[in-house]
Protein chains: 2
Amino acid sequence: MRIGELSKRTGVSPRLLRYYEEQGLIGAKRSPNGYRDYDERYVDRVHQVRGLLDSGLSTRIIKQLLPCLDRPDAIYVSDATPETIAVLERERERMDERIRCMVRNREAITDYLARVRRGGDAPAEEADPTGEAAPAGASAPVAAGG
Amino acid sequence: MRIGELSKRTGVSPRLLRYYEEQGLIGAKRSPNGYRDYDERYVDRVHQVRGLLDSGLSTRIIKQLLPCLDRPDAIYVSDATPETIAVLERERERMDERIRCMVRNREAITDYLARVRRGGDAPAEEADPTGEAAPAGASAPVAAGG
DNA sequence: ATTGACCTTCACACCTATGGAAGGGTTTGA
DNA sequence: TCAAACCCTTCCATAGGTGTGAAGGTCAAT
């Protein structure tokens, strides 16, 4: 398929698809006339890239990750340089932290929304059985960044 | 404490702390002499902001999130405009998606690393420190972005 | 030939983050 | 008292990242 169809099927603008290609995230065969020629795999590939970007990973990192996330089984294992493996391990740790941080903050938001809904627009009293009001950062939804 | 100490204790430069204040992420009391005056809470606060930024949230969103993540319980409930609540709900959904995406991709990386180690030159086992629930059978590291 | 999709390339916008200079006040300690 | 170290503001400039817009040309089908 050409870039327009891939764009429609992924919801990613042609402009952005070309940008991703420029960044080395996706590559396409070319038809004799110079048009980009994508096969079915690219639909998932683009979604994957989008997901990783939305996860906060940079294009530079994603470029290194992608060969490892492809799943034609263990072929690429031999491709992985020790350097790449180190990058992956570091990035996995970062993802761990990010996940922990987001989970905690999401819980906090969930709690907040629940409280708002319970109390409506009237200032809700703290009839909270948990009691503790968290004096100084006790149960703070903090997650260290880096 | 003053900005220099907060900087040392958070690892965030004074320059950046002022920037965050300018963006409305943190605010400080002022001493009579005009110096910023932070109390202990701000150490966590700064870490929290860093974590959220590292999670991919923009300063604009974080600004709206923060009042809800503070935990002096139900005081801020009356502060929340319907608009803010809508923002929160939307953002929570986004966080859900981002979390799902990251978990999946982290599993994929974990799998890959395990495979490399099994077939590579240094067979080693490692436990997953987070124990995050992984969707059983979801092998595709793809996660929709938008 | 006109239309629409595609091509490349240049330039730009926004965001986070940082640096420096100018010009001036405050604290601390020798 | 004097200097060093810290703090203040404002402004300007920069860097790298993601993402767009538009110009000017090509390809293919009606």
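Residues numbered from 1 in each chain as written. Chains lettered and ligands numbered in written order. Predicted model: local features only at pLDDT ≥ 70, side-chain atom pairs only at ≥ 80, totals over all residues. Heavy atoms only, no water.

Peer 1: Would you take a moment to explain the protein's contact with DNA strand C for this structure?
Peer 2: Of all residues adjacent to DNA strand C, which total 20 residues, the nearest are Gly4(A), Arg36(A), Arg15(B), Leu16(B) and Tyr35(B). A distance of 2.6 Å separates a base nitrogen of DNA strand C from a polar atom in the side chain of Tyr35(B). With respect to DNA strand C, the side chain of Arg50(B) contributes an N or O atom lying 3.0 Å from a phosphate oxygen. Of all the elements in the fold, those that place two or more residues in the surface near DNA strand C are α1 (3–10) and α2 (14–22) of chain A together with α2 (14–22) and α3 (41–54) of chain B. Each residue belonging to the surface near DNA strand C can be placed in one class, and the counts come to seven nonpolar, five polar and eight charged. (Near = heavy atom within 4 Å. Polar contact = N/O pair within 3.5 Å; in protein donor to acceptor, adjacent residues only side chain to side chain. Helix = DSSP H or I, 4+ residues; strand = E, 2+ residues; numbered from the N terminus. Nonpolar A, V, L, I, M, F, W, Y, C, P; charged D, E, K, R; others polar.)

Peer 1: When you look at the protein's contact with DNA strand D in this model, what are you seeing that I'm missing?
Peer 2: Within the structure, DNA strand D sits among 19 residues, and Arg15(A), Thr59(A), Gly4(B), Arg30(B) and Arg36(B) are positioned closest to it. A share of 67% is what sugar and phosphate atoms reach among the atoms of DNA strand D within 4 Å of the protein. One of the backbone N or O atoms of Thr59(A) is found 2.7 Å from a phosphate oxygen in DNA strand D. For the surface near DNA strand D, the secondary structure elements donating two or more residues are α2 and α3 (41–54) of chain A together with α1 (3–10) of chain B. With four residues, the single largest contributor to the surface near DNA strand D is α2(A). Residue classes in the surface near DNA strand D are distributed as seven nonpolar, six polar and six charged.

Peer 1: Help me out: how do you make sense of the pattern of salt bridges in this one?
Peer 2: Think of it this way: side chains of opposite charge can pair up when their charged atoms draw near. This structure, assessed with the given rule, holds 21 salt bridges over all chains. In this structure, Arg106(A) and Asp96(B) form a salt bridge, with 2.8 Å as the shortest nitrogen-oxygen distance. Taken together, the residues Arg106(A) in helix α5 (residues 82–119) and Asp96(B) in helix α5 (residues 82–119) connect one chain to another. An identical accessibility class is assigned to Arg106(A) and Asp96(B); each is buried. (Salt bridge = Lys/Arg side-chain N within 4 Å of Asp/Glu carboxyl O. Buried < 20%, exposed > 50% of the residue type's maximum accessible area, 1.4 Å probe, protein only.)

Peer 1: Whenever I open this one, the nonpolar core confuses me. Can you help?
Peer 2: In summary, soluble globular proteins display a tendency toward joint burial of nonpolar side chains. Membership of the largest hydrophobic core comes to 66 residues, with the highest contact counts inside it found for Leu6(A), Leu57(A), Leu65(A), Leu6(B) and Leu65(B). Counting residues per element, this core draws most heavily on α5(A), which supplies twelve residues. Beyond its immediate stretch of four places on either side in the chain, Leu65(A) contacts Leu52(A), Leu57(A), Leu88(A) and Ile109(B). (Core = buried A, V, L, I, M, F, W, Y, C linked by side-chain atoms within 4.5 Å. Contact = heavy atoms within 4.5 Å.)

Peer 1: Explain the confidence of the model for chain A here, please?
Peer 2: When pLDDT drops low, the exact placement of atoms in the prediction is not to be read closely. Here chain A averages 77 in pLDDT, and 74% of its residues register 70 or above. Confidence drops under a pLDDT of 50 for residues 122–146 of chain A, and excluding neighbours within four residues, the segment shows 30 contacts in the predicted structure. (pLDDT = per-residue confidence, 0-100.)

Peer 1: Just checking my understanding: could you explain the packing of α1(A) against α3(A) for this structure?
Peer 2: Helix-helix packing: each pair is described by the crossing angle between the helix axes and the interaxial distance. All names here are of chain A. For the pair α1 and α3, interaxial distance at closest approach is 10 Å and the crossing angle is 55°. It follows from the interaxial angle that α1 and α3 lie oblique. Taken as a pair, α1 and α3 cross one another with a handedness that is right-handed. Contacts from Leu6, Arg9 and Thr10 in α1 reach Tyr42, Val43, Val46 and His47 in α3. Looking at the contact of α1 with α3 residue by residue, the classes come out as four nonpolar, two polar and one charged. (Axes fitted to C-alpha atoms, helices over the stretch in contact; angles between N-to-C directions. Parallel < 35°, antiparallel > 145°, perpendicular 65-115°, else oblique. Left-handed = near helix turned anticlockwise from the far one by under 90°.)

Peer 1: Can you walk me through the packing of aromatic side chains in this structure?
Peer 2: All names here are of chain A. By the definition in use, this model includes four aromatic pairs over all chains. Plain terms: the ring middles of Tyr19 and Tyr20 are 5.9 Å apart, the flat faces sit at 50° to each other, and that makes the pair tilted. On the basis of relative accessibility, which here comes to 3%, the residue Tyr20 falls in the buried class. Residues Tyr38 and Tyr42 carry aromatic rings whose centres are separated by 5.3 Å and whose planes lie at 70° to one another, so their mutual orientation is edge-to-face. Overall, the relative accessible area of 2% leaves Tyr38 in the buried class. (Phe/Tyr/Trp six-rings, centres within 6.5 Å; stacked < 30°, edge-to-face > 60°.)

Peer 1: Whenever I open this one, the packing of α2(A) against α3(A) confuses me. Can you help?
Peer 2: Residues and elements named next belong to chain A. With their axes 12 Å apart at the nearest point, α2 and α3 run at an angle of 80° to one another. Of the possible angle classes, the one that applies to α2 and α3 is roughly perpendicular. Side by side, α2 and α3 meet where Leu16, Leu17 and Tyr20 of the first sit next to Val46, Val49, Arg50 and Leu53 of the second. When the residues that make up the contact of α2 with α3 are grouped by side-chain class, the tally is six nonpolar, no polar and one charged.

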